Amino acid sequence: MHEPAVLFVCLGNICRSPLAEAAFRAQASRAGLEVEIDSAGTGDWHVGHAPDRRAQAVARRHGIDIAHYRARQVCAADFHRFTHVVAMDGENLRLLRRLRPTDARAELSLLLDHVAGRAGESVADPYYGDAEGFDLTWADVSAGAAALVHKLRA
């Protein structure tokens, strides 16, 4: 069996998906799970940019530096490279379903589908709010990351 590979996807790849990547990296490391991890956006307007400063701040408060992450756009090859492509919300999941090549191996899901009682829910999008919104996003992605690590270890 192939080593799992997980790609987290939101719209611009500067808030939710880099935070999901960071939370999942930390959880996977603690669990001793060997997994390839990345994040991307469905949109292209932030390609090459670092995560939002508020996302960097919330990650830092949890002991994780994401300043070196750079936004990129999801591409067709991602659906072959990754075993799991995990969207932060329903709109991005719909976009991913349209982009996914018919012969792709990637399993598509919402991050919160992996959390008991939260299937179908979106990760809170903090972009247009204040810094407190990033704490809620961190709580969402941390819960999703823990549940996904548990699933992949099973």
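Structure: above.
This structure is a prediction, so every number in the text was calculated from the model and none was measured.

## Quick word on unusual backbone geometry
Most peptide bonds adopt trans geometry, and most residues besides glycine take a negative phi value. Even without being glycine, Asn-13 reaches a positive phi, approximately 65°. Relative to the assigned elements, Asn-13 resides in the loop between β1 (5-10) and α1 (16-31). For Asn-13, a relative accessible area of 2% translates into the label buried.

## Quick word on the pairing of β1
Across the six residues that make up β1, a large majority, six, are buried. Side chains Ala-5, Leu-7 and Val-9 project from β1 onto one buried face, and the interleaved Val-6, Phe-8 and Cys-10 project onto a second face that is buried too. In this fold, β1 hands off to α1, which returns the chain to strand β2 (residues 36-41); that crossover is right-handed. Pairing analysis gives four bridges linking β1 to strand β3 (residues 84-87), with the strands arranged parallel. In the strand pairing of β3, Val-9 is matched with Ala-87.

## Section: the sheet that holds β1
In space, the four strands of this open sheet follow the order β2-β1-β3-β4, with parallel pairing throughout. In this open sheet, the two strands that pair with only one neighbour each are β2 and β4 (107-110). Between one strand and the next, the sheet's axes are offset by a mean angle of 20°, whatever the strand orientation. Here β1 pairs with β2 via six bridges, running parallel. Note that in β2 the partner of Cys-10 across the bridge is Gly-41. Packing of α1 onto the sheet brings it into contact with β1 and β2, and relative to β2 it is tilted by some 170°. Most of the contacts of helix α4 (residues 90-99) go to β4, to which it runs at about 165°, and overall it touches β1, β3 and β4.

## Comments concerning the packing of aromatic side chains
Evaluation of the coordinates by the stated rule reveals two aromatic pairs. For the ring pair Tyr-127 and Tyr-128, a centre distance of 4.8 Å and an interplane angle of 85° mean the geometry is edge-to-face. Of the residues examined, Tyr-127 reaches a relative accessible area of 31% and is grouped as partly exposed. Over the ring of Tyr-127 we find Arg-54, and its NZ or CZ is 5.8 Å from the ring centre.

## Considering the packing of α1 against helix α5 (residues 131-153)
The N-to-C vectors of α1 and α5 enclose an angle of 45°; their axes lie 8 Å apart at closest approach. With respect to their mutual orientation, α1 and α5 come out oblique. At the point where α1 passes α5, the crossing takes the right-handed sense. Along the contact surface, α1 presents Arg-16, Leu-19, Ala-20, Ala-22, Ala-23, Phe-24, Gln-27, Ala-28 and Ala-31, while α5 presents Phe-134, Thr-137, Trp-138, Val-141, Ser-142, Ala-145, Ala-146, Leu-148, Val-149, Leu-152 and Arg-153. A breakdown of the residues in the contact of α1 with α5 according to their chemical character gives 15 nonpolar, three polar and two charged.

## Some words on the pattern of salt bridges
Evaluated as defined, the whole model comprises 12 salt bridges. Taking the shortest distance from any N to any O, the salt bridge between Arg-72 and Asp-38 comes out at 2.9 Å. Of the two residues, Arg-72 is situated in the loop between α2 (53-61) and α3 (78-81) and Asp-38 in strand β2; the sequence distance between them amounts to 34 residues. Measuring nitrogen to oxygen at the nearest pair gives 2.8 Å for the salt bridge that ties Lys-151 to Glu-107. Within this pair, whereas Lys-151 is found in helix α5, its partner Glu-107 is found in strand β4, the two being separated by 44 residues in sequence. With relative accessibility at 35%, the residue Lys-151 sits in the partly exposed group. Each of Arg-16, Asp-89 and Asp-125 takes part in a single network of salt bridges with overlapping partners.

Cut-offs applied
- Residues numbered from 1 in each chain as written.
- Predicted model: local features only at pLDDT ≥ 70, side-chain atom pairs only at ≥ 80, totals over all residues.
- Heavy atoms only, no water.
- Helix = DSSP H or I, 4+ residues; strand = E, 2+ residues; numbered from the N terminus.
- Buried < 20%, exposed > 50% of the residue type's maximum accessible area, 1.4 Å probe, protein only.
- Right-handed = clockwise from strand over helix to strand, strands pointing away.
- Pairing = 2+ DSSP bridges.
- Axes fitted to C-alpha atoms, helices over the stretch in contact; angles between N-to-C directions.
- Contact = heavy atoms within 4.5 Å.
- Phe/Tyr/Trp six-rings, centres within 6.5 Å; stacked < 30°, edge-to-face > 60°.
- Lys NZ or Arg CZ within 6 Å of the ring centre and 35° of its normal.
- Parallel < 35°, antiparallel > 145°, perpendicular 65-115°, else oblique.
- Left-handed = near helix turned anticlockwise from the far one by under 90°.
- Nonpolar A, V, L, I, M, F, W, Y, C, P; charged D, E, K, R; others polar.
- Salt bridge = Lys/Arg side-chain N within 4 Å of Asp/Glu carboxyl O.

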